[in-house]
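Observations on the three-dimensional arrangement
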Amino acid sequence: MSDLTGFIAGLPKAELHVHHVGSASPRIVAELAARHEGSTPVPADPEALAKYFEFRDFAHFIEVYLSVVDLIREPEDVRLLTYEIARELARQQVRYAEVTLTPYSTVRRGMPAEAYCEAIEDARLRAEKELGIVLRWCFDIPGEAGPSAGEDTLRIALDQRPDGLISFGLGGPEVPRPQWKPYFDEARAAGLRSVPHAGETTGPETMWDAIRELGAERIGHGIAAAQDPALMAYLVEHGIALEVCPTSNVRTRAVASLDQHPLPALVAAGVPISINSDDPPMFGTTLNDEYGVAARLLDLDETGVADLAKAAVTQSFMPENDKAALISEISAYAAG
């Protein structure tokens, strides 16, 4: 595996499911916690922070995640976090990333939506110029905040419409999906792509709802599809890809262990999948690590791993000519 680890480290990649605040490194979280010391439960000590990121279950993960969200209070915090995410992804040879942001959570704490969007765009443009990585945004409704969060997220998306924004999502606890339909209908009518989370901590029905009610073009996680052969067949027929994040599913207790992860069953059924990192520092992983996990679970060699990287590019919302260019780069790398 050591040779494959080196191959993965240099492999050009696309990342399709990575969260903005969830990508804050321990160094950045500690820096923000120190900056806001006395008003946050988040420890500024990196060792204590590692313990803070030990999750009892998915509900506890959401609780901890929101405490980190609370550290993002000024536009400069947003710029710092966004650029550092880009730097870490670029270090792993990620050429393109669709980053999930939850502007509602920061804007409702008092930051103007315009200032938030200016900050992410400043960081995006700087990262593309200095690091050679292309970032695109998915604005995500935090499901735990209720319908008002859907309306507010939609308004931020459509009123501000930052240049990097390409898709509209739904995260948090998997509360019933049909209630979010009006917001997705309007976002899709405005040209945004539909990428809700579903089937992570609940059964296949949330995935059916995401498809039927929200017009899902890709689904975040979606591992519950393995429980429903008809759903898997539908995903195959309609080319609806799953953004699979193996270590995340174990760390949030959605899956008991990596060896019990349904990834092999999904791939065996022909379901289109990409491999992603979700909230990497919180889960003690990286995108490179996730490719290594997938290689082990699927018994892949270098060619198989390169095919995984190409699948992510194909399933992305990149322009077709950019997809072709990145796939060619992956092929050239794999050819040695």
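Since we're looking at a predicted model, the values are computed, not measured.

Turning to the overall build of the protein chain, a few remarks are in order. A count of helices and strands for the protein chain gives 17 helices and 9 strands. Taking 20 Å as the expected radius of gyration for a compact globule of 336 residues, we find that the protein chain reaches 19 Å, a close match to that expectation. Dimensions of the protein chain along its principal axes, counting C-alpha atoms only, are 50 × 40 × 40 Å. Of the contacts made within the protein chain by residues no fewer than 6 positions apart, 73% connect residues no fewer than 24 positions apart. Total accessible area on the protein chain is roughly 13000 Å²; 51% of this is exposed by carbon and sulfur atoms. With 29 positive and 51 negative side-chain charges, the protein chain shows a separation of 2 Å between the mean positions of the two kinds.

Bringing the sheet that holds strand β7 (residues 218–221) into the picture now. Here 4 strands make up an open sheet; going across it, the order is β6-β7-β8-β9 and the pairing parallel. Bordering the open sheet on either side are β6 (197–198) and β9 (273–275), each of which pairs with just one other strand. Taken together, the 3 bridges between strand β8 (residues 241–244) and β9 define a ladder with parallel strand orientation. Paired with Glu243 across the strands is Ser274, a residue of β9.

It is worth spelling out the packing of helix α15 (residues 287–298) against helix α16 (residues 302–315) at this point. Remark: α15 packs on α16, axes separated minimally by 10 Å, with the N-to-C direction vectors making an angle of 120°. In terms of axis orientation, α15 runs oblique to α16. Seen along the crossing, α15 lies across α16 with a hand that is right-handed. Touching Tyr291, Ala294 and Ala295 of α15 are Val305, Leu308, Ala309 and Ala312, all from α16. Each residue belonging to the contact of α15 with α16 can be placed in one class, and the counts come to 7 nonpolar, no polar and no charged.

Mapped onto the elements, Asp159 comes out in helix α8 (residues 147–160). A relative accessible area of 55% places Asp159 in the exposed class.

The parallel open sheet is built from 5 strands, whose spatial order is β1-β2-β3-β4-β5. Both outer strands of the open sheet, β1 (13–19) and β5 (193–194), are each paired with one neighbouring strand and no more. Both strand β4 (residues 165–171) and β5 contribute to a ladder of 2 bridges, which runs parallel. Bridging from a neighbouring strand, Phe168 pairs with Ser194 of β5. Contacts from helix α7 (residues 113–131) reach β2 (94–101) and β3 (134–142), with the element oriented near 150° to β3. Against the sheet, α15 contacts β1 and β2, and its axis sits at roughly 105° relative to β1.

Attention shifts here to a negative patch on the surface. On the surface, a cluster of negative charge is contributed by Asp3, Asp299, Asp301, Glu302 and Asp307. Mapped onto the elements, Asp307 comes out in helix α16.

A word on helix α2 (residues 26–35). The set of residues buried in α2 consists of Ile28, Val29, Ala30, Leu32 and Ala33. Looking at the buried positions of α2, the neighbouring elements they touch are α3 (46–52), α4 (58–69) and α5 (75–91).

Per the counting criterion, the structure on display carries 7 aromatic pairs. Relative to Phe184, the ring of Phe168 lies with its centre 5.0 Å away and its plane at 75°, an arrangement referred to as edge-to-face. In this pair, Phe168 is assigned in strand β4 and Phe184 in helix α9 (residues 181–189), connecting sequence segments 16 residues apart. Note on Phe168: relative accessible area 1%, which makes it buried. In this structure, Arg126 is placed above the aromatic ring of Tyr83, and the distance from its NZ or CZ to the ring centre is 3.7 Å. Positioned over the ring face of Phe317 is Arg218, at 4.4 Å from the centre of the ring.

Before going further, it helps to spend a moment on unusual backbone geometry. In this structure, Gln93 is a non-glycine residue whose phi angle is positive, near 65°. Following the sequence through the fold, Gln93 ends up in the loop between α5 and β2. We classify Gln93 as partly exposed; its relative accessible area is 26%. Despite not being glycine, Arg161 shows a phi value in the positive range, around 40°.

We now examine the pattern of salt bridges. Inspection of the entire model under this criterion finds 22 salt bridges. Residues Arg109 and Asp70 are paired through a salt bridge, measuring 3.0 Å at the closest nitrogen-oxygen approach. One end of the pair, Arg109, is in the loop between α6 (103–107) and α7; the other, Asp70, is in the loop between α4 and α5, and 39 residues separate them in sequence. As a salt-bridge pair, Arg87 and Glu84 come within 3.2 Å of each other at their nearest N and O atoms.

With that settled, the discussion passes to the pairing of β4. For β4, the buried fraction is high: 7 of the 7 residues fall into the buried class. Here 6 bridges tie β3 to β4, and the two strands are oriented parallel to one another. The residue of β4 that forms the bridge with Phe139 is Phe168. Note that the unit made of β3, α8 and β4 has a crossover that is right-handed. In this region the chain leaves β4, passes through α9 and returns to the parallel neighbour β5; the handedness of that crossover is right-handed.

Each value, and the rule that gives it
- Residues numbered from 1 in each chain as written.
- Predicted model: local features only at pLDDT ≥ 70, side-chain atom pairs only at ≥ 80, totals over all residues.
- Heavy atoms only, no water.
- Helix = DSSP H or I, 4+ residues; strand = E, 2+ residues; numbered from the N terminus.
- Rg over C-alpha atoms; globule rule 2.2 N^0.38 Å.
- Contact = heavy atoms within 4.5 Å.
- Areas by Shrake-Rupley, 256 points an atom, 1.4 Å probe, with all protein chains shown as cover.
- Lys, Arg positive; Asp, Glu negative; His and termini not counted.
- Charge placed at Lys NZ, Arg CZ, Asp CG, Glu CD.
- Pairing = 2+ DSSP bridges.
- Axes fitted to C-alpha atoms, helices over the stretch in contact; angles between N-to-C directions.
- Parallel < 35°, antiparallel > 145°, perpendicular 65-115°, else oblique.
- Left-handed = near helix turned anticlockwise from the far one by under 90°.
- Nonpolar A, V, L, I, M, F, W, Y, C, P; charged D, E, K, R; others polar.
- Buried < 20%, exposed > 50% of the residue type's maximum accessible area, 1.4 Å probe, protein only.
- Patch = residues over 30% accessible without salt bridge, like charges linked within 9 Å, V, L, I, M, F, W, Y side chains within 5 Å.
- Salt bridge = Lys/Arg side-chain N within 4 Å of Asp/Glu carboxyl O.
- Phe/Tyr/Trp six-rings, centres within 6.5 Å; stacked < 30°, edge-to-face > 60°.
- Lys NZ or Arg CZ within 6 Å of the ring centre and 35° of its normal.
- Right-handed = clockwise from strand over helix to strand, strands pointing away.

That's the geometry; what it means functionally is another story.
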